[in-house]
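# Structural overview for review
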Amino acid sequence: MRIAIIGSGYVGLTAGVGFAHFGNSVVCADIDPAKIEKLARGICPIYELGLEDLLKENLSKGRIRFTTDIKDAVKDAEAVFFAVNTPEGEYGKANLTYLLNAAKTVAPLCATGTLFINKSTAPVGTIEKIRETISKARGDDQFYVATNPEFLKEGTAVEDFLHPDRIVVGVDHPEAEQRLRALYRPLIEDGVPFIATNIATAELTKYAANSMLALRISFINEIADFCELVGADVKQVAHAIGLDKRIGSHFLRAGIGYGGSCFGKDVKALALSGEEHGYEFKIIKALSTVNDLRYRIVITKLQKHLKNLHGARIAVLGLAFKPMTDDVRSAPALRIIHELLDHGARITAYDPVANEPFKKMFSRSGEVTFVTSLHDAARGADALLLLTAWDEFQAMSLKEIRSITTGVLIVDGMNMLERNAAEAAGFTYEGIGR
Ligand code: UDX
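Here the structure is a predicted model, which is why all the values come from computation and not from measurement.

## As for the site of the ligand
The immediate surroundings of the ligand are formed by 18 residues, with Phe151, Glu154, Lys206, Arg253 and Gly259 found nearest. The separation between an oxygen atom of the ligand and a polar main-chain atom of Leu252 is 3.2 Å. The protein chains hide 91% of the 670 Å² of surface that the ligand would expose on its own. By residue number, the principal contributor to the shell around the ligand is helix 10 (residues 199–230), which donates four residues. Partitioned by chemical class, the residues of the shell around the ligand number 10 nonpolar, two polar and six charged. Counting only domains with at least three residues in the shell around the ligand, you end up with domain 1 (2–197) and domain 2 (206–292).

## Description of the environment of Glu339
Residue position: Glu339 is located in helix 15 (residues 332–342). Judged by relative accessible area, Glu339 falls into the buried class, the value being 16%. Put simply, Glu339 and Arg296 are 43 residues apart on the chain and 8.7 Å apart in space, counted from C-alpha to C-alpha.

## Observations concerning the sheet that holds strand 13 (residues 409–412)
What the six strands build is an open sheet, ordered 11-10-9-12-13-14; its pairing is parallel. For this open sheet the edge positions go to strand 11 (368–370) and strand 14 (428–430), each flanked by a neighbour on one side alone. Geometrically, the sheet is characterised by an average inter-axis angle of 20° between neighbouring strands, direction not taken into account. Here three bridges tie strand 13 to strand 14, and the two strands are oriented parallel to one another. The residue of strand 14 that forms the bridge with Leu409 is Thr428. Packed on one face of the sheet, helix 14 (residues 295–306) meets strand 9 (313–317), strand 12 (383–386), strand 13 and strand 14 and runs near 165° to strand 13. Strands strand 9, strand 10 (346–350), strand 11 and strand 12 of the sheet are contacted by helix 15, whose axis makes an angle of about 155° with strand 10.

## Notes on the domain arrangement of the chain
When the domains of the chain are assigned, the result is domain 1 (2–197), domain 2 (206–292) and domain 3 (295–430). Summarising the inter-unit geometry, the C-alpha centres of domain 2 and domain 3 are found 24 Å apart. With 13 residues of domain 2 at the interface, the matching set in domain 3 holds 18 residues. Both faces considered, domain 2 and domain 3 share a buried interface measuring about 1200 Å² in area, 50% of it formed by carbon and sulfur atoms. Where Lys301 meets Glu228, a salt bridge forms, and the shortest distance between an N and an O atom there is 2.7 Å. Scanning the region where domain 2 abuts domain 3 turns up five residue pairs in polar contact (both at pLDDT 80 or more).

## Some words on the packing of aromatic side chains
All told, the structure shown has 14 aromatic pairs when counted by the stated rule. The interplanar angle of 75° and the centroid separation of 6.2 Å between the aromatic rings of Phe19 and Phe22 together place this pair among those described as edge-to-face. Of the aromatic side chains, those joined through ring pairs into one cluster are Phe19, Phe22, Phe81, Phe161 and Tyr184. Geometry around Phe151 places Arg166 over its ring, the cationic atom sitting 3.6 Å from the centre. Taking NZ or CZ as reference, Arg335 lies 3.8 Å from the ring centre of Tyr295, over its face.

## Topic: helix 13 (residues 282–292)
Every buried residue belonging to helix 13 is among Ile284, Leu287, Ser288, Val290 and Asn291, and all of these are buried. Buried positions in helix 13, seen along its axis, are confined to an arc of 160° and lie on one side of it.

## Here we look at the nonpolar core
Counting residues in each nonpolar core, the largest one holds 66 residues, and the members touching the most others are Ile314, Ile337, Leu340, Ile347 and Leu385. Considering each element in turn, this core owes the most residues, six residues, to helix 15. Both of domain 2 (206–292) and domain 3 (295–430) provide at least three residues apiece to this core. Apart from residues no more than four positions distant in its own chain, Leu385 is found in contact with Val298, Leu302, Ile314, Ala315, Val316, Leu317, Ile336, Leu340 and Val411. Counting residues in hydrophobic clusters, the runner-up holds 38 residues, among them Phe82, Leu99, Ala269 and Leu287.

## Some words on the pairing of strand 9
Remark: a regular strand shows side chains that alternate across the two faces of the sheet. Taken across its five residues, strand 9 has five buried, putting it largely inside the fold. Every second residue of strand 9 is oriented toward a common face, with Arg313, Ala315 and Leu317 on one face and Ile314 and Val316 on the other, all of them buried. In this sheet, strand 10 lies alongside strand 9 in parallel orientation, the contact comprising five bridges. The residue of strand 10 that forms the bridge with Arg313 is Arg346. Considered for its hand, the β-α-β crossover made up of strand 9, helix 15 and strand 10 is right-handed. Where strand 9 and strand 12 come together, four bridges link them in parallel fashion. When the bridges of strand 12 are listed, Val316 appears paired with Leu385.

## What to know about the state of the cysteines
Here the structure, examined in full by the defined rule, presents zero disulfides. The thiol sulfur of Cys110 is not disulfide-bonded, and the nearest other cysteine sulfur, from Cys28, lies at 15 Å.

## Observations regarding helix 3 (residues 51–60)
All of the buried residues along helix 3 are Leu51, Leu54, Leu55 and Asn58. For helix 3, the buried positions fall inside an angular range of 105° around the axis, keeping them on one side. The exposed residues of helix 3 that point more than 90 degrees off its buried face are Asp53 and Ser60. Looking at the buried side of helix 3, the elements it contacts are helix 1 (10–21), helix 2 (33–40), strand 3 (64–67) and helix 7 (157–162). Downstream of helix 3 by a residue or two, Gly62 has a phi angle that is positive, lying close to 70°.

Procedures and definitions
Within every chain, residues take consecutive numbers counted from 1 along the sequence as written. Under the rules for a predicted model, residues below a pLDDT of 70 receive no local features and side-chain atom pairs below 80 are neither given nor counted, while totals for whole chains, interfaces and linings still include all residues. The side-chain figures draw on all heavy atoms in the structure; neither hydrogens nor water molecules are used. Summary of the distance rule: residues count as near a molecule or strand when at least one heavy atom falls within 4 Å of that molecule or strand. Pairing of N or O atoms within 3.5 Å defines a polar contact, subject to two protein rules: one partner must be a possible hydrogen donor and the other a possible acceptor, and residues neighboring in sequence count only if both atoms are side-chain atoms. Here the accessible surface of atoms and residues is derived via Shrake-Rupley with a 1.4 Å probe, and residues count as covered only by protein chains that are part of the display. The helix and strand labels rest on DSSP assignments: H or I over at least four residues marks a helix, E over at least two residues marks a strand, and numbering proceeds from the N terminus. Any residue that is not Ala, Val, Leu, Ile, Met, Phe, Trp, Tyr, Cys, Pro, Asp, Glu, Lys or Arg is counted as polar, Gly included; the first ten are nonpolar and the last four charged. Boundary definitions for the domains trace back to an automatic or database domain assignment. Exposed residues in this analysis have more than 50% of their type's maximum accessible area, buried residues have under 20%, and partly exposed residues fall in between, with area computed by a 1.4 Å probe over protein chains only. Strands qualify as paired when DSSP identifies two bridges or more between them. Only C-alpha atoms enter the line fits that serve as axes; for helices the fit covers just the stretch in contact. Angles between N-to-C directions range over 0 to 180 degrees. Whether two residues are in contact is decided by their heavy atoms: any pair within 4.5 Å suffices. Defined in terms of a 1.4 Å probe, buried area is the accessible area two parts forfeit on being brought together, summed over both. One speaks of a salt bridge when a side-chain nitrogen belonging to Lys or Arg is within 4 Å of a carboxyl oxygen belonging to Asp or Glu. Classification of ring pairs rests on two measures: the distance between centres of Phe, Tyr or Trp rings, Trp counted by its six-membered ring, which must be within 6.5 Å, and the angle between planes, read as stacked under 30 degrees, edge-to-face over 60 and tilted in between. Two limits define a charge over a ring: the Lys NZ or Arg CZ must be within 6 Å of the ring centre, and within 35 degrees of the ring normal. Arc, as used here, means the arc of the directions from the helix axis to the C-beta atoms. What we call a nonpolar core is a set of buried Ala, Val, Leu, Ile, Met, Phe, Trp, Tyr and Cys residues that are connected through their side-chain atoms within 4.5 Å. A crossover counts as right-handed when, viewed with the strands pointing away from the observer, the path leading from the first strand over the helix to the second turns clockwise. Any two cysteine sulfur atoms lying within 2.5 Å of each other are counted as a disulfide.

Pasting the structure below:
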């Protein structure tokens, strides 16, 4: 099938490369000429395992191309995917400006009978807005709409696209469903469940999934705080409850709270979407509140041991919001380093891949010393503060690191080290909830 994808970010690019890999003819568009130029040469602008290789392979087979010219992108398309960002707007509502602008721009350029599919995360009711926008811009109703939420995770985006747990589509016409089934045929044949629902159901599914995952994290974080008061170990609690098949073990890792471009924004957007429909989400609102306060826990732990943070040299290990990505959007490190600087701490920061993105995003980068190795960060530090669960940190030789630090404190915001090993190397260890 001939497909156009509007927006070549995480979701658009991965989907574009994935659909090309299935044998479709894909054109990816974006307004950023520098990004398009790189992609056309097979250079992936984001750090995403396996994506560049798959991109190169499909470029060489002529199944995917990139353009900034929207008209060129959609002129032959039978299906047009919208994968532009829907950032947090006023009061936490999803900002649909980019999405609706994209719909308005492409609508008159497409052939009769085109299927327009939304892949951007957007609240219930968005497809109706897209339909109205397209209808007005074209002056007809000779097109189809659908929603197809994307559940991929950063760091494993390619794997998640090629081997998803399920495919969800929201449709209101058999032709739309048929075309989406055709697009996903290789996965359906592999046994991946294909769930076709009405449009509102599919739109809500994305928010419900992200909120459920975020809920589990906030839940285990509250359990972790209580563990500290009663002498329990949250890792063992999580392991034990996770073995109950009704609960399962995923997303029960206690720590400094969730970050990234999705959870915070989607949880808030769902609560607001509820209010717009006269419904108050009590649990959803609470889980956001729990997460927004997580940054305090590591500050309190540093203060407990170092007393005054003023002048203290803290080695921050990890800046990305999670390992295997250089994404720092809503990373806990942003808030935590900001607080530490306010307390007068001197920060030396190291991330295996996210130093540069962090420098760009953080408003006080000039006050932080960024280094390019774990050892450079640790040397002379009064405390090590682990904020991202990179394998490199888990595998570090604690004895060797202790020989170059000034102080003995490790605050492990991701619970990735073992207390015994840290103490055997001469450190004082503070985890979360244990
Ligand atoms: C998430 C959803 O998982 C994905 O389906 C959706 O499409 C986009 O949002 P992503 O933001 O890439 O994906 O990251 P994810 O792996 O879900 O982690 C989100 C955050 O939760 C990270 O900050 C991570 O460190 C944190 N987390 C995760 C925990 O604190 N504890 C856990 O047990 C799991």
